[in-house]
Amino acid sequence: GCMRMRKLGRGHSVMFFAPPEVDRSIRAFARKEDPITQVTTVDILCCAIQETWNDIRQRAPYWTQQG
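Residues numbered from 1 in each chain as written. Predicted model: local features only at pLDDT ≥ 70, side-chain atom pairs only at ≥ 80, totals over all residues. Heavy atoms only, no water.

## Brief notes about the overall build of the protein
Moving on, step 1. Broken down by element type, the protein carries two helices and zero strands.
Moving on, step 2. Burial statistics for the protein: of 67 residues in total, 10% are counted as buried. (Helix = DSSP H or I, 4+ residues; strand = E, 2+ residues; numbered from the N terminus. Buried < 20%, exposed > 50% of the residue type's maximum accessible area, 1.4 Å probe, protein only.)

## Topic: unusual backbone geometry
Moving on, step 1. The backbone of Arg-31 sits at a positive phi, close to 55°, despite the residue not being glycine.
Moving on, step 2. On the accessibility criterion, Arg-31 (76% relative accessible area) is exposed.

## Description of the layout of surface pockets
Moving on, step 1. For the largest pocket, the calculated volume is near 280 Å³.
Moving on, step 2. Along the walls of the largest pocket sit Phe-16, Phe-17, Ala-18, Val-22, Asp-23, Ile-26, Arg-27, Gln-38, Val-39, Thr-40, Thr-41 and Ile-44, which together make up its complete lining.
Moving on, step 3. Elements that contribute at least two residues to the lining of the largest pocket include exactly helix H1 (20-30) and helix H2 (41-66).
Moving on, step 4. Here the element with the most residues in the lining of the largest pocket is H1; it accounts for four residues. (1 Å grid on protein atoms, 1.4 Å probe; cavity = no way out; pocket = protein on both sides within 12 Å on 5 of 7 lines; lining within 4 Å. Points joined across faces, edges and corners; volume = space filled by probe spheres on them.)

## Side note on the packing of H1 against H2
Moving on, step 1. The geometry of H1 relative to H2 is characterised by a closest axis approach of 9 Å and an angle of 95° between their N-to-C directions. Taken together, H1 and H2 sit at an angle that is classed as roughly perpendicular. Between H1, through Ser-25, Ile-26, Phe-29 and Ala-30, and H2, the contact on the second element is made entirely by Asp-43, Ile-44, Cys-46, Cys-47 and Gln-50.
Moving on, step 2. A per-class count over the contact of H1 with H2 returns six nonpolar, two polar and one charged. (Axes fitted to C-alpha atoms, helices over the stretch in contact; angles between N-to-C directions. Parallel < 35°, antiparallel > 145°, perpendicular 65-115°, else oblique. Contact = heavy atoms within 4.5 Å. Nonpolar A, V, L, I, M, F, W, Y, C, P; charged D, E, K, R; others polar.)

## Observations concerning the environment of Asn-54
Moving on, step 1. For Asn-54, the location among the structural elements is in helix H2.
Moving on, step 2. Classification of Asn-54 by relative accessible area gives partly exposed; the value is 31%.
Moving on, step 3. A polar atom in the side chain of Asn-54 sits 3.1 Å from the side chain of Arg-57. (Polar contact = N/O pair within 3.5 Å; in protein donor to acceptor, adjacent residues only side chain to side chain.)

## Quick word on a nonpolar patch on the surface
Moving on, step 1. Together, Leu-45, Ile-49 and Trp-53 give the surface a local cluster of nonpolar side chains, amounting to about 330 Å² of exposed area.
Moving on, step 2. Assignment of secondary structure puts Leu-45 in helix H2.
Moving on, step 3. Leu-45 gets classed as partly exposed once you look at its relative accessible area, which sits at 47%. (Patch = residues over 30% accessible without salt bridge, like charges linked within 9 Å, V, L, I, M, F, W, Y side chains within 5 Å. Areas by Shrake-Rupley, 256 points an atom, 1.4 Å probe, with all protein chains shown as cover. Salt bridge = Lys/Arg side-chain N within 4 Å of Asp/Glu carboxyl O.)

## Some remarks on H2
Moving on, step 1. In this model, H2 (26 residues) spans 36 Å end to end at C-alpha, consistent with the 38 Å of a helix rising 1.5 Å per residue.
Moving on, step 2. By the burial criterion, the buried members of H2 are Asp-43, Ile-44 and Cys-47. (Expected span 1.5 Å × (residues − 1).)

Scope: geometric values only; no functional claims are made or implied.
Right, dumping it as structure tokens:
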């Protein structure tokens, strides 16, 4: 997928769709809870990275036990 995104920003764009609960989560993370305030790609990526880190921290003990 990354190779297909090489022209992103040069004639191509990306659009994100999310259910209301995910939108609320991203807005809370980005401190943009006002529905008028636009969420940016950076907000979405930062929230996704943070959620990934949280998941890794939570599951790491189980992974180490399994070897």
